[in-house]
Each structure stands twice: as structure tokens, then as C-alpha cells.
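# Structural overview for review
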Amino acid sequence: MKFTDTLKKNYEFRRLYSKGKSAATPFLVVYARKSKRHTNRIGFTVSNKLGNAVKRNRVRRRLREIYRLHEAEFQPGTELVAVARYRAVTASYRQLETAFMSACKKLQLITETTG
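This write-up is about the structure you can find in this document. (Residues numbered from 1 in each chain as written. Predicted model: local features only at pLDDT ≥ 70, side-chain atom pairs only at ≥ 80, totals over all residues. Heavy atoms only, no water.)

So, about the overall build of the protein. The secondary structure content of the protein amounts to three helices and five strands. Mapped in sequence order, the helices and strands of the protein form the string β-α-β-β-β-α-β-α. For the protein, whose C-alpha radius of gyration is 13 Å, the value lies close to the compact-globule estimate of 13 Å for 115 residues. Counting only C-alpha atoms, the protein reaches 35 × 35 × 25 Å along its principal axes. (Helix = DSSP H or I, 4+ residues; strand = E, 2+ residues; numbered from the N terminus. Rg over C-alpha atoms; globule rule 2.2 N^0.38 Å.)

Where helix α2 (residues 53–69) meets helix α3 (residues 93–106), the axes come as close as 10 Å, and the angle between the chain directions of the two elements is 60°. One way to sum up the angle between α2 and α3 is to call them oblique. Of the two elements, α2 crosses α3, and the hand of that crossing is right-handed. Taken together, the residues of α3 that come into contact with α2 (itself represented by R62, L63, E65, I66, Y67 and L69) are Y93, L96, E97 and F100. Grouping the amino acids of the contact of α2 with α3 by side-chain chemistry returns seven nonpolar, no polar and three charged. (Axes fitted to C-alpha atoms, helices over the stretch in contact; angles between N-to-C directions. Parallel < 35°, antiparallel > 145°, perpendicular 65-115°, else oblique. Left-handed = near helix turned anticlockwise from the far one by under 90°. Contact = heavy atoms within 4.5 Å. Nonpolar A, V, L, I, M, F, W, Y, C, P; charged D, E, K, R; others polar.)

Within this model, the largest pocket holds a volume of roughly 200 Å³. Here the lining of the largest pocket takes three residues from strand β3 (residues 28–34), the largest share from any one element. Looking at side-chain class alone, the lining of the largest pocket contains three nonpolar, three polar and five charged residues. (1 Å grid on protein atoms, 1.4 Å probe; cavity = no way out; pocket = protein on both sides within 12 Å on 5 of 7 lines; lining within 4 Å. Points joined across faces, edges and corners; volume = space filled by probe spheres on them.)

So, about the pattern of salt bridges. Two side chains that carry opposite charge are able to pair once their charged atoms sit near each other. Following the criterion strictly, the structure yields five salt bridges and no others. Note that R15 is salt-bridged to E79, the shortest N-O span being 3.5 Å. Of this pair, R15 sits in helix α1 (residues 10–19) while E79 sits in strand β5 (residues 78–84), placing them 64 residues apart in sequence. Here R15 falls in the partly exposed class, since its relative accessible area comes to 27%. (Salt bridge = Lys/Arg side-chain N within 4 Å of Asp/Glu carboxyl O. Buried < 20%, exposed > 50% of the residue type's maximum accessible area, 1.4 Å probe, protein only.)

Below, the discussion takes up the packing of aromatic side chains. According to the stated counting rule, one finds three aromatic pairs in the structure shown. Measuring from centroid to centroid gives 5.0 Å for Y67 and F74, while their planes differ by 45°, and the two rings are tilted. A relative accessible area of 0% means that Y67 is categorised as buried. Relative to F100, the ring of F74 has its centre 6.2 Å away and its plane inclined at 45°; by these criteria the two rings are tilted. Placement of F74 in the loop between α2 and β5 and of F100 in helix α3 is noted, with a sequence separation of 26 residues between them. Accessibility assignment for this pair places F74 and F100 in one class, buried. The ring of F27 carries the charged tip of R87 above its face, separated from the ring centre by 5.2 Å. (Phe/Tyr/Trp six-rings, centres within 6.5 Å; stacked < 30°, edge-to-face > 60°. Lys NZ or Arg CZ within 6 Å of the ring centre and 35° of its normal.)

What follows is the structure, encoded as C-alpha cells:
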């Protein structure tokens, strides 16, 4: 993720939950908000309710990889948080990718490239 920083502080996540726009899919919820920075900032949340550390880390790694592969398509200057739902644990990589990208399109975070 060369154009992106990560969200780490609790207040940053809470600010996005309260002031950001959200889009939900059966596998995850994406919260987004414009920022004044020229880079994107992203955070991933996977609750303890989803399973043990192995399952949670697998979901987190998949979401991070999906974002990394599509990073150039995102508009700069956006903060976003992806919150995994229970169905994300049993979902395939392709299902997670489709869900994440469709949620981002609902929030108009993807730049339309022709060509």
C-alpha cells in the first residue's frame, strides 16, 4: 500500500463511524469520509465474535490485499474503515473482493477510468 497510511488510533475509527458515510454488504461494512490529506488512510476491523485469531487475521489479510491491488482506483484524500461481518469468515476471496468493491462504488470512492 504505497499511497496509503493506516488508521491506528481509536478516536480516528470513532470519528469515521460517527461522521462518515457507510455502505453495507452481507460480508462487510465500509465507512468513508473525505480528508484534507493527499493520501488515503485505511483501517480494518474484525471483531472477536468472528472467531479465533487465525480466522480474524485471514479476513484482515484478505481485505488488505484486496485494497492493495485496487489502490490506484481510489480517489486520493479519503479515510475509510472496513468492518468485517460474520459471513466474511466463510466467504471466498472473490466474494470479499466483489463485496468490498461494490461497497466502495456505492460510496463513490472509485475513480472511473476509461480505457
